[in-house]
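Coordinate inspection notes
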Amino acid sequence: MSSWKLIALFTLALCTASALSWTPAPAHSQAPSPQPPGQSLQVVSSTNATGSQQIVIVDSERRAIAVYHVDPRQGRLSLKSSRQIDWDLQMEHFNGESPLPSELRSLKP
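Some remarks on the overall build of the protein chain
- Broken down by element type, the protein chain carries 3 helices and 4 strands.
- Going through the 109 residues of the protein chain one by one, you find that 24% of them count as buried.
- When contacts within the protein chain are restricted to residue pairs at least 6 apart in sequence, long-range pairs at least 24 apart make up 16% of them.
- Split by element, the accessible area of the protein chain, about 7800 Å² in all, is 56% carbon and sulfur.

And the structure:
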């Protein structure tokens, strides 16, 4: 899986994990920008081995994610992916492995 997809999945996991409370980012990433009161955006920036920068913006109010790439030579910013994650967060599991949530619930005494 490409590093871009891993970062996008990492950001999606952050959304899922209780109202976007911040967990430490990988060592090559910068910490999210501070959020002024009333703002719902979190920004995570990382640089890959080729020097390209990726910026992931998560809007917790709108439940949306946008991924941008920055060309290091020209400074050109391009939107690579954007989506609302409402339906993603309603799935019980995706690409899950056993034990699945339904299997665990069936074990209740």
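Let us keep going from here.
Comments concerning the nonpolar core
- Counting 5 residues, the largest nonpolar core is built from V56, V58, I65, V67 and I85.
- When contributions to this core are tallied by element, the ones reaching two or more residues are β2 (53-59) and β3 (64-70).

Describing the sheet that holds strand β4 (residues 77-84)
- An order of β1-β2-β3-β4 is seen for the 4 strands of this open sheet, with the pairing classed as antiparallel. Unpaired on one side and paired on the other, β1 (41-47) and β4 mark the two borders of the sheet. The sheet shows a mean angle of 15° between the axes of neighbouring strands, taken without regard to direction.
- Bridge analysis of β1 against β2 gives 7 bridges, and the strand direction is antiparallel. When the sheet's bridge partners are listed, T47 is paired in β2 with Q53.

Focus on the pairing of β3
- A large share of β3 lies buried, amounting to 6 of its 7 residues.
- Bridge count between β2 and β3: 7 bridges; the pairing is antiparallel. When the sheet's bridge partners are listed, I57 is paired in β3 with A66.
- Here β2 hands over to β3 after 4 residues, with R63 in that stretch at a positive phi of 55°.
- Two elements, β3 and β4, share 7 bridges in a ladder whose sense is antiparallel. Residue pairing for β4: V70 is matched across the bridge by L77.
- If you look at the hairpin formed by β3 and β4, you'll find 6 residues sitting between the two strands, and G75 has a positive phi there, around 70°.

Thresholds, definitions, all that
- Residues numbered from 1 in each chain as written.
- Predicted model: local features only at pLDDT ≥ 70, side-chain atom pairs only at ≥ 80, totals over all residues.
- Heavy atoms only, no water.
- Helix = DSSP H or I, 4+ residues; strand = E, 2+ residues; numbered from the N terminus.
- Buried < 20%, exposed > 50% of the residue type's maximum accessible area, 1.4 Å probe, protein only.
- Contact = heavy atoms within 4.5 Å.
- Areas by Shrake-Rupley, 256 points an atom, 1.4 Å probe, with all protein chains shown as cover.
- Core = buried A, V, L, I, M, F, W, Y, C linked by side-chain atoms within 4.5 Å.
- Pairing = 2+ DSSP bridges.
- Axes fitted to C-alpha atoms, helices over the stretch in contact; angles between N-to-C directions.

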